[in-house]
Amino acid sequence: MKVLVSDNLGEIGIQMFQEAEGIEVDVKTGLAPEELKSIIGDYDALVIRSATKVTEDLLEKGTRLKVVGRAGIGLDNVDIPAASKHGVVVMNTPTGNVVTTAEHAIAMMLSLSRNIPRGTSTLKDGKWEKKKLQGREIFNKILGVIGFGKIGSIVADRARGLKMQVIVHDPFVTPERIEKAGFESVSMEELYKRADYITVHVPKLKDTLGFLNKSAFNQMKDGVMLINCARGGIVNEADLYEAMKSGKVAGAALDVFETEPPENSPLFELDNFICTPHLGASTKEAQTNVAVAVAQQIIDYLQTGTIVNAVNVPSVTGELLEKLGPFLSLGDRMGCLMSQLICGPLKQLTIEYMGDFQGMDLAPVSTAIIKGLLAPMVKDMVNSVNAPLMAKERGIKISETTSADAEDYLNLIRVYAETTEMNTTLAGTVFGKNDPRIVKINNFRLEMIPHGHSAIIHNQDKPGAIGSIGMCLGKNNINIGRMLVGQEDEGDRNIIFLRTDTSIPDSVVEELRNLPLVNTVIPLEL
Ligand SMILES: NC(=O)c1ccc[n+]([C@@H]2O[C@H](COP(=O)([O-])OP(=O)(O)OC[C@H]3O[C@@H](n4cnc5c(N)ncnc54)[C@H](O)[C@@H]3O)[C@@H](O)[C@H]2O)c1
Ligand SMILES: O=C(O)[C@H](O)COP(=O)(O)O
């Protein structure tokens, strides 16, 4: 088995590969994409950090490739669907660098407050700018932490040690959990209004891209200071520049950029802007942790087939996978659908296995449901190993029951989600050997293939409703591949399930919502 290390990996990880039986390792960092493509066909495993881009093209050339291991967390540089398509397991090491990154955010906040980078550079230039570089204390100031996951919660804890007042916003963590940890849970608006410092620790997602923009800055306190050690693009750099020029934002520290490395950023002109070249995870300790973890995971996988911390494959043995496969994909899709139907922090998830599941260990199916549910919130941080733990960390209670009665089906999985704002039920089944379907959403019966671009529309059951929806989509050049009308169990309301060839843009969703006979429209990506 041959392993290629294409980004800088802690020496200890390379030693582990060298000492592993039956494994050879090559270290070739800084290769151009074409060079990497020309050699990838010789390797069974690829070890990366954030520099190597694992594209569909590269995966196509990697005919022997079995696994990609990321020494670190973020997988923005890996085309995960393409890896799954090519049967390549993608693993990361979700915990090894979290303390280090949290410490970097704190270091950035202190450096900003006390002008340490400018003090260093001006002094080295022979200037003694004592008066000009007067700073501010952080004692008793309000720190707004956006994202209370692994890193955000450590930052909050360290800031408490520095005697700051910490307020937290995370719509996917219950306020009780934040309060139990000793912090105040607040809305986004309140955080903007009250915080003297704002630090962001969310993944880069559709919803968080450009999240801190002009409109967000306008809601913030005058003189706020901003720190981003999460991902480039979460802060809109052009809007940040304007907000700093106007004095609204008194200082900003970025470790990550929209384009890395950034090219001629206007932010570099500003004295109160400080930055580091994506150094969040760059300490000896963190690099040792992630190098050991990734090397061990890859060695185990190549030698025994054991899968740990994979983001695209459930952790099950080959024999079990054959039996459970269709239920795993049904579970994953039900979780994904549920996450798009609910709003508010999730408190309780109840999973009922009904009917013919005789002799099957259903834990991986529950994990697939939880993983599908969390993935839209935390992206590639969740995998089939850490999903239950992540749910627990978020204060979500999970319970499972089994019963013999599957109503009209051979087998039925029912998932019931209770958030602080609503209750939602989904039921799904597998027809034949491998044909997963969603058969119920709340009180509505339907038969939906949980895959692709789609939408759920609640409408008034009156003539013209369906026609107006079809006209609206047609006018916007969106082809309907499938349309199902579901009936309410008791009552006369309709639910329409649409499968479209392309995703429905926000502007068209709005148009649909404004149709006279339409009540609600929920666009879905499954
Ligand atoms: N700078 C670096 O070198 C470095 C190192 C490690 C991680 N990171 C990045 O740090 C970020 C956080 O990592 P983590 O390990 O703490 O992840 P995590 O999954 O443990 O936590 C992310 C949190 O963000 C929350 N969240 C999602 N959408 C949100 C929204 N719209 N508003 C508020 N909260 C939201 C989630 O509920 C979750 O609690 C990621 O972007 C990761 O890629 C950067
Ligand atoms: O996602 C991560 O783990 C960090 O962003 C670190 O990235 P790096 O390994 O390229 O330093």
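Quick caveat, the model's predicted, so the values are computed rather than measured.

A. Structural view of the overall build of the protein chain. When helices and strands are tallied, the protein chain shows 17 helices and 22 strands. Computed over C-alpha atoms, the radius of gyration of the protein chain comes to 25 Å, within 12% of the 24 Å expected from 2.2 N^0.38 for 526 residues, which places it in the range of a compact globule. The C-alpha extent of the protein chain, read off along each of the three principal axes, is 80 × 60 × 45 Å. Counting all 526 residues of the protein chain, 43% fall into the buried class. Restricting to contacts in the protein chain with at least 6 residues of sequence separation, those with at least 24 account for 67%.

B. Here's a closer look at the site of ligand 2. In the vicinity of ligand 2, the residues found are Arg49, Ser50, Gly72, Ile73, Gly74, Asn97, His278, Gly280, Ala281 and Ser282. Per-class residue counts for the shell around ligand 2 are 2 nonpolar, 7 polar and 1 charged.

C. How the structure looks around helix H16 (residues 465-475). Those residues of H16 lying buried are Ala465, Ile469 and Leu473. Viewed end-on, H16 has its buried residues packed into an arc of 65°, placing them on one side of the element. Those residues of H16 that are exposed and angled more than 90 degrees off the buried face are Gly467, Met471, Gly474 and Lys475.

D. Examining the site of ligand 1 more closely. Around ligand 1, the surrounding shell holds 34 residues, and the nearest of these are Gly147, Gly149, Ile151, Phe172 and Gly280. Considering every element that reaches the shell around ligand 1, the biggest residue donor is helix H7 (residues 150-161), with 3 residues. Its residues assigned to classes, the shell around ligand 1 shows 17 nonpolar, 11 polar and 6 charged.

E. Examining the sheet that holds strand E7 (residues 165-169) more closely. The strand order across the open sheet formed by 7 strands is E8-E7-E6-E9-E10-E11-E12, and the pairing between neighbours is parallel. With partners counted over all chains shown, the strands left at the sheet margins are strand E8 (184-185) and strand E12 (273-275), one partner each. Pairing between strand E9 (residues 197-200) and strand E10 (residues 224-228): 4 bridges, direction parallel. Paired with Val200 across the two strands is Asn228, which belongs to E10. Of the strands in this sheet, strand E11 (249-254) and E12 are in contact with helix H11 (residues 237-245), which crosses E11 at around 145°.

F. Expanded view of the environment of Val256. As for its position among the elements, Val256 is in the loop between E11 and E12. Residues Val256 and Ile413, 157 residues apart in the sequence, show an inter-C-alpha distance of 42 Å. Ignoring sequence-local partners within four residues, the contact set of Val256 consists of Asn228, Cys229, Ala230, Arg231, Gly232 and His278.

G. Highlighting the sheet that holds strand E1 (residues 2-5). Taking strand neighbours across the sheet as the criterion, the 5 strands line up as E2-E1-E3-E4-E5 in an open arrangement whose pairing is parallel. Pairing within the sheet leaves two strands with one partner each, and these edge strands are strand E2 (24-27) and strand E5 (89-91). Direction aside, neighbouring strands of the sheet carry axes that sit 15° apart on average. Bridge count for strand E3 (residues 45-48) against strand E4 (residues 67-70) is 4 bridges, and the pairing is parallel. The residue bridging Leu46 from the neighbouring strand is Val68, located in E4. Along the sheet, helix H12 (residues 284-304) contacts E1, E3, E4 and E5; its crossing angle with E4, the most-contacted strand, is approximately 165°.

H. Here's a closer look at the domain arrangement of the protein chain. What the domain assignment lists for the protein chain is domain 1 (1-96 + 281-310), domain 2 (98-275), domain 3 (314-442) and domain 4 (452-526). Summarising the inter-unit geometry, the C-alpha centres of domain 2 and domain 4 are found 41 Å apart.

I. Representation of the pairing of strand E17 (residues 435-441) in the model. Among the 7 residues that make up E17, 5 are buried, leaving the element largely enclosed by the rest of the structure. As paired elements, strand E16 (residues 423-431) and E17 share 6 bridges and run antiparallel to each other. In the sheet register, Gly428 faces E17, and the bridge partner there is Ile438. Two successive antiparallel strands, E16 and E17, enclose a turn made up of 3 residues, where Gly432 displays a positive phi of approximately 55°. Bridging between E17 and strand E18 (residues 444-448) involves 3 bridges; their strand directions are antiparallel. Residue pairing in the sheet places Ile441 in a bridge with Phe444 of E18. As consecutive antiparallel partners, E17 and E18 are separated by 2 residues, and within that stretch Asn442 has a phi angle of approximately 50°, a positive value.

J. Region of the structure containing the packing of helix H1 (residues 11-19) against H12. At a closest axis distance of 7 Å, the pairing of H1 and H12 adopts a crossing angle of 20°. The angle between H1 and H12 falls in the class roughly parallel. Judged by the twist between their axes, the crossing of H1 over H12 is right-handed. Contacts from Ile12, Gly13, Met16 and Phe17 in H1 reach Thr288, Ala291, Val292, Val294, Ala295, Gln296 and Ile299 in H12. By residue class, the composition of the contact of H1 with H12 is 8 nonpolar, 3 polar and no charged.

K. Geometry of the confidence of the model for the protein chain. Scored by pLDDT, the protein chain comes out at a mean of 92, with 96% of its residues at no less than 70. Confidence metrics for the complex model read pTM 0.76 and ipTM 0.99.

What counts as what
Residues numbered from 1 in each chain as written. Chains lettered and ligands numbered in written order. Predicted model: local features only at pLDDT ≥ 70, side-chain atom pairs only at ≥ 80, totals over all residues. Helix = DSSP H or I, 4+ residues; strand = E, 2+ residues; numbered from the N terminus. Rg over C-alpha atoms; globule rule 2.2 N^0.38 Å. Buried ≥ 20, exposed ≤ 12 C-beta atoms within 10 Å, placed from the backbone. Contact = placed C-beta atoms within 7 Å. Near = placed C-beta within 6 Å. Nonpolar A, V, L, I, M, F, W, Y, C, P; charged D, E, K, R; others polar. Arc of directions from axis to C-beta. Pairing = 2+ DSSP bridges. Axes fitted to C-alpha atoms, helices over the stretch in contact; angles between N-to-C directions. Domains from an automatic or database assignment. Parallel < 35°, antiparallel > 145°, perpendicular 65-115°, else oblique. Left-handed = near helix turned anticlockwise from the far one by under 90°. pLDDT = per-residue confidence, 0-100.

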